[in-house]
Protein chains: 2
Amino acid sequence: MAKAKRTLKWQRDPEGMRLRILEAAKQEFSAHGLAGARVDRIAAKAGANKRMLYYHVGNKDELYLAVLEGAYDKIRSEERGLDLEHLDPPEAIRRLIEFTWNYFLRNPEFLSLLQTENLARAKHLKKSTKVKSMHSPFVEMIRTVVRRGVDSGDFQVAVDPVQLYISIAGLCFFYLSNSATLSVIFGRDLLDKKAKDERLAHMVGLVLAALTGQSVALFEIAKAPKSRAAVAQTA
Amino acid sequence: MAKAKRTLKWQRDPEGMRLRILEAAKQEFSAHGLAGARVDRIAAKAGANKRMLYYHVGNKDELYLAVLEGAYDKIRSEERGLDLEHLDPPEAIRRLIEFTWNYFLRNPEFLSLLQTENLARAKHLKKSTKVKSMHSPFVEMIRTVVRRGVDSGDFQVAVDPVQLYISIAGLCFFYLSNSATLSVIFGRDLLDKKAKDERLAHMVGLVLAALTGQSVALFEIAKAPKSRAAVAQTA
DNA sequence: ACAGTATTTATCCAACGGGTTAATTTCTTC
DNA sequence: GAAGAAATTAACCCGTTGGATAAATACTGT
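Topic: the layout of surface pockets
Okay, step 1: When its volume is computed, the largest pocket comes out at roughly 960 Å³.
Okay, step 2: Along the walls of the largest pocket sit 39 residues, with Ala31, His32, Gly33 and Thr116 of chain A together with Leu119 of chain B positioned nearest its centre.
Okay, step 3: Elements supplying a minimum of two residues to the lining of the largest pocket: α1 (14-36), α5 (89-106), α6 (108-119) and α9 (161-177) of chain A together with α1 (14-36) and α6 (108-119) of chain B.
Okay, step 4: Looking at the lining of the largest pocket, its residues break down into 16 nonpolar, 16 polar and seven charged.

Remarks on the relation of the copies chain A and chain B
Okay, step 1: In the superposition of chain A on chain B (RMSD 0.1 Å, axial shift 0.0 Å), the rotation amounts to 180 degrees. Each copy turns onto its partner about a two-fold axis. No C-alpha of chain A approaches the rotation axis more nearly than that of Ala210 of chain A, which lies at 2.1 Å.
Okay, step 2: Most of the interface of chain A is mirrored in chain B, where 99% of its interface residues are also at the interface.

Focus on the confidence of the model for chain A
Parts of the prediction with low pLDDT should not have their coordinates interpreted in detail.
Residue and element names in this part refer to chain A.
Okay, step 1: Looking at chain A as a whole, its pLDDT mean stands at 88, while 88% of the residues score no less than 70.
Okay, step 2: In the predicted structure, residues 1-6 sits below a pLDDT of 50 and forms zero contacts with residues beyond four places in sequence or in another chain.
Okay, step 3: Throughout residues 220-235 the model reports pLDDT below 50, and contacts reaching past four residues in sequence, or to other chains, amount to 21 contacts.

Focus on the side chain of Ser112 of chain B
Okay, step 1: When you line up the elements, Ser112 of chain B lands in helix α6.
Okay, step 2: Under the relative-accessibility criterion, Ser112 of chain B is labelled buried at 15%.
Okay, step 3: Not counting chain neighbours up to four residues away, the residues in contact with Ser112 of chain B comprise Leu119 of chain A together with Ser30 of chain B.

Observations regarding the interface of chain A and chain B
Okay, step 1: The interface is formed by 75 residues belonging to chain A together with 75 residues belonging to chain B.
Okay, step 2: Of the roughly 6600 Å² buried between chain A and chain B on both sides combined, carbon and sulfur atoms contribute 65%.
Okay, step 3: At the junction of chain A and chain B, the tally comes to two salt bridges.
Okay, step 4: One can count eleven residue pairs in polar contact (both at pLDDT 80 or more) joining chain A with chain B.
Okay, step 5: When residues in the side of chain A that touches chain B are grouped by element, the largest group, 14 residues, is from α9 of chain A.

Overview of the nonpolar core
Okay, step 1: Among the nonpolar cores identified, the biggest contains 158 residues, and Phe29 of chain A together with Phe29 of chain B are the most heavily contacted of them.
Okay, step 2: If we skip the residues at most four places from it in the chain, Phe29 of chain B touches Leu34, Ala37, Ile42, Lys60, Leu63, Tyr64, Val67, Leu113 and Thr116 of chain B.

What counts, and at which threshold
Residues numbered from 1 in each chain as written. Chains lettered and ligands numbered in written order. Predicted model: local features only at pLDDT ≥ 70, side-chain atom pairs only at ≥ 80, totals over all residues. Heavy atoms only, no water. 1 Å grid on protein atoms, 1.4 Å probe; cavity = no way out; pocket = protein on both sides within 12 Å on 5 of 7 lines; lining within 4 Å. Points joined across faces, edges and corners; volume = space filled by probe spheres on them. Helix = DSSP H or I, 4+ residues; strand = E, 2+ residues; numbered from the N terminus. Nonpolar A, V, L, I, M, F, W, Y, C, P; charged D, E, K, R; others polar. Least-squares fit on C-alpha atoms with pLDDT ≥ 70 in both. Contact = heavy atoms within 4.5 Å. pLDDT = per-residue confidence, 0-100. Buried < 20%, exposed > 50% of the residue type's maximum accessible area, 1.4 Å probe, protein only. Buried area = accessible area lost by both parts, 1.4 Å probe. Salt bridge = Lys/Arg side-chain N within 4 Å of Asp/Glu carboxyl O. Polar contact = N/O pair within 3.5 Å; in protein donor to acceptor, adjacent residues only side chain to side chain. Core = buried A, V, L, I, M, F, W, Y, C linked by side-chain atoms within 4.5 Å.

Okay, structure coming up:
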């Protein structure tokens, strides 16, 4: 009798497994928060056994921190590719806003993770050594843009780059991360295409108007027909 | 033998108990989120027995919704007292920003609750009927200010009041609710007195500059000495 | 003073959830 | 082809947690 070819019950793939676990954990943590996340669900979603989490990553908290660090790593590395240096200052700021906005749109889990971590008053992030070092280059990048803008006369004001970045991130972040409750209380869907386009225009207009002193494009939806436009805006 | 005067084991006070439970629940939910909150801790903090929660309010979810509704009720009712109608438009906007900022500072649990609820994609808030109605008057209040500002020439642009409010709230909210992680990644304490003052100035400057077209007070920290000021800002 | 009701306490428990232990299967290498 | 290491599975452990049951205590009207 011919020896039947063994069908494998599982393949070995430690790297792949680790990645699948981290990805599944990202989903789970962003969907349910730290306390709400279920280790079993992460395992299931990763197509793995619960024991694997502990084998490959560590306990729930370590897993969470790994996910968080990965998330920061990803956004900062994409930001490095922005090269704002070669754009004239207003255009650089516009691009920074658009990037931030689109990144948040493309990576909603990042927003959730940040919220979760802040709910925990950054208890876990404080333990991370990697994260702290990733940010100064980014701040310098913005500082340079602002300085160039002031020197060239494009910008009326010199603004602290950290404040500016927090403002830009805040304008994007709050709208998106709180869109659920905001949609309910204001009774409009803030996530449909039109609403998102309007929001982006509003933010770019707001920031550039403040920096340059000139009202920008779509921000000034109407100044001609007295106050009619303000009304129309709401429908 | 004289009958000893009974010492009461407890007093009756349903109203008070209900309030203490809601207050304790607010603390607990804002500190630990919905999933992280512990019913026993709420009971203990309220100086009550766990059974009381179910007796006076209902199960964990109902308790959470009650807390959430209470939180919205409180901020909206304080906002109604702002009467922006009697201020000239730029001053009204400044006051709105200052109020929002200070309210968030005074009521950090409100921020946490919002974060928690958004993490749950407003699942619970959607069930609430009370909340939806509380907001249109507030939007109208802002709309009126904007309209007056445009008509008087103070504002260069007519802006959608909902967008404007979301921007103001976002500038305040993100800074405060994310101060924990931001402080870590930028390596500065964003909650000390000086930092908070600077932030408020920055926000008022940003928004008013955008609306009026004129750079406002502390926002323009320096335009004279070339780019030196931008550097000084960071220390 | 008595009955009936509202409020509060004291226990209990079944389900769940994170983590561990031990066995099983695959890979490597000699 | 055997031994040892690495990866994976299956089953269990045990404290926790939301919620339930029943009894005790205070208040009200009559």
